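Observations on the model geometry
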Amino acid sequence: MSLVKLEIEKHTAVLTLNRPEAANALSKALLDEVNKTLTTIKQNPAIYCLIITGHGEKAFCAGADLKERKGMSEQEVIQTVQYIGETISHIEKLDIPVIAALNGVAFGGGLELALACDLRLAARHVQMGLTETSLAIIPGAGGTQRLPRLIGIGQAKQMIFTAQKKTAEEALGIGLVEHVVESEHLMTAAYELANQITKNGPVALRQAKKAMNLGMQHDVETGLAIEHLCYTHTIPTEDRREGLQAFKEKRQPNYQGK
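My aim in this report is to walk through the structure given alongside it, one point at a time.

Here is what the cut-offs are and how they apply
Residues numbered from 1 in each chain as written. Predicted model: local features only at pLDDT ≥ 70, side-chain atom pairs only at ≥ 80, totals over all residues. Heavy atoms only, no water. Buried < 20%, exposed > 50% of the residue type's maximum accessible area, 1.4 Å probe, protein only. Helix = DSSP H or I, 4+ residues; strand = E, 2+ residues; numbered from the N terminus. Pairing = 2+ DSSP bridges. Right-handed = clockwise from strand over helix to strand, strands pointing away. Axes fitted to C-alpha atoms, helices over the stretch in contact; angles between N-to-C directions. Parallel < 35°, antiparallel > 145°, perpendicular 65-115°, else oblique. Left-handed = near helix turned anticlockwise from the far one by under 90°. Contact = heavy atoms within 4.5 Å. Nonpolar A, V, L, I, M, F, W, Y, C, P; charged D, E, K, R; others polar. Expected span 1.5 Å × (residues − 1). Core = buried A, V, L, I, M, F, W, Y, C linked by side-chain atoms within 4.5 Å. 1 Å grid on protein atoms, 1.4 Å probe; cavity = no way out; pocket = protein on both sides within 12 Å on 5 of 7 lines; lining within 4 Å. Points joined across faces, edges and corners; volume = space filled by probe spheres on them.

Attention shifts here to the pairing of strand 3 (residues 49–54). Taken across its six residues, strand 3 has six buried, putting it largely inside the fold. Of the two faces of strand 3, the one carrying C49, I51 and T53 and the one carrying L50, I52 and G54 are both buried. In this structure, strand 2 (residues 12–17) lies alongside strand 3, joined through six bridges in parallel fashion. Within the sheet, the bridge partner assigned to T12 lies in strand 3 and is C49. A crossover connection joins strand 2 to the parallel strand 3 through helix 1 (residues 28–42); in handedness this β-α-β unit is right-handed. Note: strand 3 against strand 5 (residues 98–102), four bridges, orientation parallel. Residue pairing in the sheet places L50 in a bridge with V98 of strand 5.

So this is what it looks like as structure tokens:
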């Protein structure tokens, strides 16, 4: 059975972690399949947006596979955590918008994976947290860096120091997720958000993401220069001309990503 499922509908791809019997934990085999699937997505220019979710309602992703880790040496543990981090960074570096649809718990590496996505939707019953300090370790796949950038240093320190778990509503209140919906409506809401995104110019979407992600790593002046460079990439495109023509003709544009 495949550990990762990929479905494509129009311009939206859905990547589903498919280890429900193990709470979709990040085994090495699953990570291998995730990376292969991400490469497939990158090579398909018709995909404008990606949704990442987990199979079932129990877990989005419970993080590292602790059963697998029991048989590892200390060096192997370090290498595996590094591989998790590299895979999560692979997701973050996708040039298309990525939505995390949190169908169940997201702890440790599972939440770190969601943090690498651009937007997060959570089912109302979901809990999430970076709980590593309760195991006498720290988040090692980007959590100490991405969480404070998203919700602020104080809230991030409190979550990590206490290893506390947040409900979906609590996560919404601190900006950890953008939307909370009933479980049965999660994927519908994710698709609706993706549809709102993919109706827009795909080149513009990629350049907007690049401008924001790179700009946030620098001061405002440098960020504005990055924004200008990204903006210039949209000017000579066929899509920009199509957008203007569609506006003039009062119709929906037909963007081709060119």
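Next comes the rest of the description.
Here we take up the packing of helix 5 (residues 143–151) against helix 6 (residues 153–162). A pair of packed helices can be characterised by two numbers: the angle between their axes and the separation between those axes. Where helix 5 meets helix 6, the closest approach of the two axes is 7 Å, and the angle between their N-to-C directions is 135°. Looking at the two axes, helix 5 sits oblique to helix 6. The handedness of the crossing between helix 5 and helix 6 comes out as right-handed. In contact with G143, T144, L147, P148 and I151 of helix 5, helix 6 contributes I153, Q155, A156, M159 and I160.

Where helix 9 (residues 202–215) contacts helix 10 (residues 220–234), the axes come no closer than 9 Å and their chain directions differ by 170°. Classified by the angle between their axes, helix 9 and helix 10 sit roughly antiparallel to one another. Residue-level inspection shows V203, A204, Q207, K210, A211, L214 and G215 of helix 9 in contact with helix 10, the latter providing G223, I226, E227, C230, H233 and T234. Tallied by class, the residues present in the contact of helix 9 with helix 10 amount to six nonpolar, five polar and two charged.

Below, the discussion takes up helix 8 (residues 186–198). The periodicity of an α-helix, 3.6 residues per turn, causes residues three or four places apart in sequence to face the same way. Over its 13 residues, helix 8 runs 18 Å from end to end, which matches the ideal 18 Å to within 8%, given 1.5 Å per residue. On its buried face, helix 8 is in contact with strand 2, strand 3, strand 5, strand 7 (119–123), strand 10 (179–181) and helix 9.

Further remarks concern the nonpolar core. Soluble globular proteins: nonpolar side chains tend toward being buried together. Counting 48 residues, the largest nonpolar core has L50, L102, M128 and L176 as its most contacted members. The element contributing the most residues to this core is helix 1, with five residues. Discounting residues that sit within four places of it in the chain, L176 has contacts with L111, L115, R120, M128, L147, L150, I151, M159 and A171. Judged by nonpolar contacts, the second largest core, of 14 residues, contains V14, I51, L186 and I197.

Under the 1.5 Å per step criterion, the end-to-end length of helix 9 is 20 Å for 14 residues, consistent within 8% with the ideal 20 Å. Taken together, the buried positions of helix 9 are P202, V203, L205, Q207, K209, A211 and G215. Packing partners of the buried residues in helix 9 comprise helix 3 (74–92), strand 5, helix 8, helix 10 and helix 11 (238–249).

Attention now moves to the layout of surface pockets. The space that makes up the largest pocket amounts to roughly 990 Å³. If you trace the largest pocket, you find 27 residues lining it, with E92, D118, K209, M212 and N213 closest to the centre. Elements supplying a minimum of two residues to the lining of the largest pocket: strand 7, helix 5 and helix 9. Per-element tally for the lining of the largest pocket: the top contributor is helix 9, with eight residues. By residue class, the composition of the lining of the largest pocket is 12 nonpolar, five polar and 10 charged. Counted as a void, the second largest pocket has a volume near 680 Å³. For the lining of the second largest pocket, the secondary-structure elements that each account for two or more residues are helix 2 (66–69), helix 3 and helix 4 (109–115).

Nothing here speaks to function; it is geometry throughout.
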